[in-house]
Amino acid sequence: MSFAGRRLRNTFLLLFVSVLALLAFQVLELTLLIQQYYSGWALVLVILLLLFFGVKKRLSVLPLGSNASWAQLHYYAGLFQLVLFFIHIEFSIPNGLVELTLASILLFTILVGVGGLMVNRIYARRLSQL
């Protein structure tokens, strides 16, 4: 499969999982359960998945797949984390110092990750051309 085909497939998969998560957490809200509890735990699990990419890079001897596949999983899981975050805060601005601090840290981390992706995509090719 070509690079553009994989990107399109992964984007559609991300959109599908995001809509599915949005619907699942709305159903939880309708059943009078506290959806922030479940979306918070889902957010923690995605953060742990994102942390495993760093562990995988350091333990490259283990046959757990290629680093390129893990990187793609990391990128799309990071975008899904952003969706989960907005579901968790119910698409509103956090109120309170602690909530605002945690939200700022998470959004800053996501912003740094997107910046790192852009640097990796732009400068890696330029360095290999040199």
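Residues numbered from 1 in each chain as written. Predicted model: local features only at pLDDT ≥ 70, side-chain atom pairs only at ≥ 80, totals over all residues. Heavy atoms only, no water.

Here the chain shows a mean pLDDT of 86. Residues at 70 or above account for 99%. Within the chain, helix α1 (residues 3–30) carries the highest mean pLDDT (89), whereas helix α4 (residues 97–129) carries the lowest (86). (pLDDT = per-residue confidence, 0-100. Helix = DSSP H or I, 4+ residues; strand = E, 2+ residues; numbered from the N terminus.)

Our next topic: helix α2 (residues 35–58). If you check α2, its first and last C-alpha atoms are 35 Å apart, about what 24 residues at 1.5 Å a residue would give, namely 34 Å. Looking only at α2, the buried set comprises Gln35, Ser39, Gly40, Ala42, Leu43, Val46, Leu50, Phe53, Gly54 and Lys56. Of the surrounding secondary structure, the elements contacted by the buried residues of α2 are α1, α3 (67–88) and α4. (Expected span 1.5 Å × (residues − 1). Buried < 20%, exposed > 50% of the residue type's maximum accessible area, 1.4 Å probe, protein only. Contact = heavy atoms within 4.5 Å.)

At a minimum axis separation of 10 Å, α1 and α3 run at an interaxial angle of 25°. When the axes of α1 and α3 are compared, the pair comes out roughly parallel. The element α1 and its partner α3 pack so that their crossing is right-handed. Contacts between α1 and α3 involve Arg7, Asn10, Thr11, Leu14, Val17, Ser18, Ala21, Leu22 and Phe25 on the former and, on the latter, Gln72, Tyr76, Leu79, Phe80, Val83, Leu84 and Ile87. In terms of residue class, the contact of α1 with α3 is made up of eleven nonpolar, four polar and one charged. (Axes fitted to C-alpha atoms, helices over the stretch in contact; angles between N-to-C directions. Parallel < 35°, antiparallel > 145°, perpendicular 65-115°, else oblique. Left-handed = near helix turned anticlockwise from the far one by under 90°. Nonpolar A, V, L, I, M, F, W, Y, C, P; charged D, E, K, R; others polar.)

The tally for this structure, following the rule as stated, stands at three aromatic pairs. Taking the centre distance of 6.4 Å and the plane angle of 10° together, the rings of Phe86 and Phe91 count as stacked. By relative accessible area, Phe86 is classed as partly exposed at 32%. One aromatic cluster is present, formed by Phe85, Phe86 and Phe91 through successive ring pairs. (Phe/Tyr/Trp six-rings, centres within 6.5 Å; stacked < 30°, edge-to-face > 60°.)

Moving on, we come to the side chain of Ser39. For Ser39, the location among the structural elements is in helix α2. A polar contact of 2.8 Å, which involves the side chain of Ser39, links it to the side chain of His88. Once residues within four sequence positions are removed from consideration, Ser39 is found in contact with Phe25, Ile87 and His88. (Polar contact = N/O pair within 3.5 Å; in protein donor to acceptor, adjacent residues only side chain to side chain.)

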